[in-house]
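# Descriptive structure summary
The chain contents come next:
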Amino acid sequence: VVLGRPGNESARLLQGVEYRSFGYVSDARLVSLLYAAADVHLFTSTADNLPFSVLETSAAGTPTVGFATGGAPEMVEPEKTGFLVPTGDMPGLTVGLRRALSSDTASRWGVAAREKIAKEFSFELMKERHLRLYAEILERRTAPPKKAG
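The rules behind the values
- Residues numbered from 1 in each chain as written.
- Predicted model: local features only at pLDDT ≥ 70, side-chain atom pairs only at ≥ 80, totals over all residues.
- Heavy atoms only, no water.
- 1 Å grid on protein atoms, 1.4 Å probe; cavity = no way out; pocket = protein on both sides within 12 Å on 5 of 7 lines; lining within 4 Å.
- Points joined across faces, edges and corners; volume = space filled by probe spheres on them.
- Helix = DSSP H or I, 4+ residues; strand = E, 2+ residues; numbered from the N terminus.
- Nonpolar A, V, L, I, M, F, W, Y, C, P; charged D, E, K, R; others polar.
- Axes fitted to C-alpha atoms, helices over the stretch in contact; angles between N-to-C directions.
- Parallel < 35°, antiparallel > 145°, perpendicular 65-115°, else oblique.
- Left-handed = near helix turned anticlockwise from the far one by under 90°.
- Contact = heavy atoms within 4.5 Å.
- Buried < 20%, exposed > 50% of the residue type's maximum accessible area, 1.4 Å probe, protein only.
- Salt bridge = Lys/Arg side-chain N within 4 Å of Asp/Glu carboxyl O.

Once that is clear, we can look at the layout of surface pockets. Of the volumes computed, that of the largest pocket is approximately 1200 Å³. Put simply, the parts of the chain that give the lining of the largest pocket at least two residues each are helix 1 (8–13), helix 2 (28–37), strand 1 (41–43), helix 3 (52–59) and helix 5 (90–100). The element contributing the most residues to the lining of the largest pocket is helix 5, with five residues. Of the residues assigned to the lining of the largest pocket, the class counts are 19 nonpolar, eight polar and four charged. By volume, the second largest pocket is sized at about 160 Å³.

Further remarks concern the packing of helix 3 against helix 6 (residues 105–120). Put simply, helix 3 and helix 6 touch, their axes get as near as 7 Å, and they point 115 degrees apart. Relative to helix 6, the element helix 3 is oriented roughly perpendicular. When the axes of helix 3 and helix 6 are compared, the crossing they make is left-handed. In this structure, helix 3 uses Leu 55, Ser 58 and Ala 59 to contact helix 6, whose residues at the interface are Gly 110, Ala 113, Arg 114 and Ile 117. Of the residues assigned to the contact of helix 3 with helix 6, the class counts are four nonpolar, two polar and one charged.

Locating Ala 37 in the fold gives a position in helix 2. Among the residues examined, Ala 37 registers a relative accessible area of 54% and is labelled exposed. Distance in space between the C-alpha atoms of Ala 37 and Ala 60 is 8.7 Å, their sequence separation being 23 residues.

A few words now on the pattern of salt bridges. Counted according to the given criterion, the structure contains seven salt bridges. Across the pair Lys 116 and Glu 77 runs a salt bridge whose closest N-O atoms are separated by 3.2 Å. Taken as a pair, Lys 116 in helix 6 and Glu 77 in the loop between helix 4 (72–75) and strand 3 (82–85) lie far apart in primary sequence, 39 residues in all. The exposure class of Lys 116 is buried, given its relative accessible area of 9%. On the accessibility criterion, Glu 77 (27% relative accessible area) is partly exposed. For the salt bridge of Lys 127 with Glu 124, the shortest nitrogen-to-oxygen distance reads 3.4 Å. Remark: Glu 124 and Lys 127 occur in helix 7 (residues 123–142); sequence separation between them is three residues, near one turn of the helix. Salt bridges here are not isolated pairs; linked through shared partners, they connect Glu 77, Lys 80, Lys 116 and Glu 120.

Quick look at the structure:
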């Protein structure tokens, strides 16, 4: 399953791999179904503070194999919910994909990924954390200055 349109280099790398490209998908429900249908989420971003694609695919029960960039290491537990390698390590991605697609590994990682996201990144939890942060910032801004002494 490929969402978006693979560029020439991606298409070349995918030669010999059976896949279906869906182009840009705007329907959130269909995106969720496509994420759930995938065996593995291949995360090749080289810079991403909080990769929503990792959150979304994990919530759909699809494990991530990709680069350990930005916030990905906070969401992917090595060999438990997915597999991360240093940014740019293409041979490492191959190892991760082979490991994920061997036996029932991707399935096990996918179950653990869904549990982790539900436990640590649910909408309610994220909303609560943001509201707490905003309250702390406002409290600091309105607190009287401390006297030196």
